[in-house]
Amino acid sequence: MKRGCLVVAILALLLVAAGVFASGMFGSATVEEDTSFVIPAGSSLTSVAEKLEEEGLISSANGFLLRAKLLGGGDPIQAGEFELTADMSQGDMLEAFQSGDVIRRFVTIPEGWPSIMVFEKLMAEELLTGEIDVPPEGSILPDTYDFERGESRQVVVERMQAAMDTYLAEAWAKRKPGIAVDTMRDALILASIVEKETGVARERRMVAGLYSNRVKQGMMLQADPTIIYPITKGKPLGRRIRQSEIAAVNDYNTYSMVGLPKGPITNPGRESIAAVLDPAATNALYMVADGTGGHKFADTLDEHNANVAEWYRLRRERGEM
């Protein structure tokens, strides 16, 4: 029994001694608090080790390199921004560098943002690189996207556009029969109008049904956002629409033309696209604000006029007119 205990003790001492030796030979990680560490593209392991030492994150670049050579495997390191934590060993660091476990950052494109605002958002993101043009309207799928420090803005835009292409194709394949549009392009255009006409999720299919009825009957859509788009490229107008703007003749204003605008007036979200491809079964042809953020719908002009009169009465009570 005593001899067995002695053997165990000797082995433990040998392991401790080996650890101390290895620590002295390889050095150690010296990360005191969570730190962002960037590996530029094309960096060698030697340059990374030197950078770690310069930034006070390891005790010895040579020790780090020796450890990597003896124990680190042959996988190459990857470029990117990495988070080094205070509990990391040198082995943990190397494993993170080799696996490409980079920090992912995020940019959110809300539903209904026009492409000019997407452009401005991406150009203002200092961690992205390169120039971009304003994306074609309707080509971006609103969502939250991740990116790496130093990633190209163009690559991020292409990821957003690929997401829209994929979703639109999948949604189109599930469209209900008898809808008002014949092509994915027209579905996107009509969805952009639905997106701008209501911010109330429960109304989307109803609004889509109303505008689908107008398209089918050859009526003017008379959607206010189509007046605004040529003026601001989809940004808020910030004032009431003028009579001259209502009467303006262009490729977007649905108060002066029958049918759909020539293109989308914003980047519609998934729910607005889905609403156009499966609109509510309704006879509604008219709608007006109800004072709560939603709308009152009407099948006939007389019913609509009564709803408008009620809306004006409410606005007068509020001192808005």
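About the cut-offs
- Residues numbered from 1 in each chain as written.
- Predicted model: local features only at pLDDT ≥ 70, side-chain atom pairs only at ≥ 80, totals over all residues.
- Heavy atoms only, no water.
- Helix = DSSP H or I, 4+ residues; strand = E, 2+ residues; numbered from the N terminus.
- Expected span 1.5 Å × (residues − 1).
- Contact = heavy atoms within 4.5 Å.
- Polar contact = N/O pair within 3.5 Å; in protein donor to acceptor, adjacent residues only side chain to side chain.
- Core = buried A, V, L, I, M, F, W, Y, C linked by side-chain atoms within 4.5 Å.
- Buried < 20%, exposed > 50% of the residue type's maximum accessible area, 1.4 Å probe, protein only.
- UniProt positions renumbered as here; feature names shortened; annotations may be inferred.

### What about helix α6 (residues 153-173)?
Over its 21 residues, α6 extends 31 Å from the first C-alpha to the last, a length consistent with the 30 Å expected when each residue adds 1.5 Å. Each element contacted by the buried residues of α6 is listed here: β3 (105-108), α5 (115-124), β4 (144-147), α7 (184-197) and α11 (270-277). For α6, the capping residue at the N-terminal end is S152, with a side-chain oxygen 3.1 Å from the backbone nitrogen of Q154.

### Observations regarding the nonpolar core
Membership of the largest hydrophobic core comes to 44 residues, with the highest contact counts inside it found for L122, M160, V181, Y211, I273 and V276. When contributions to this core are tallied by element, the ones reaching two or more residues are α5, β4, α6, α7, α8 (204-217) and α11. Counting residues in hydrophobic clusters, the runner-up holds 20 residues, among them L52, M88, L94 and F97.

### Brief notes about the UniProt feature "site: Important for catalytic activity" (unreviewed entry) in the chain
When the UniProt feature table is mapped to this numbering, "site: Important for catalytic activity" (unreviewed entry) covers E197. Relative to the assigned elements, E197 resides in helix α7. For E197, the contacting residues outside a window of four places in its chain are V207, Y211, A223, D224, P225, M287 and H295.

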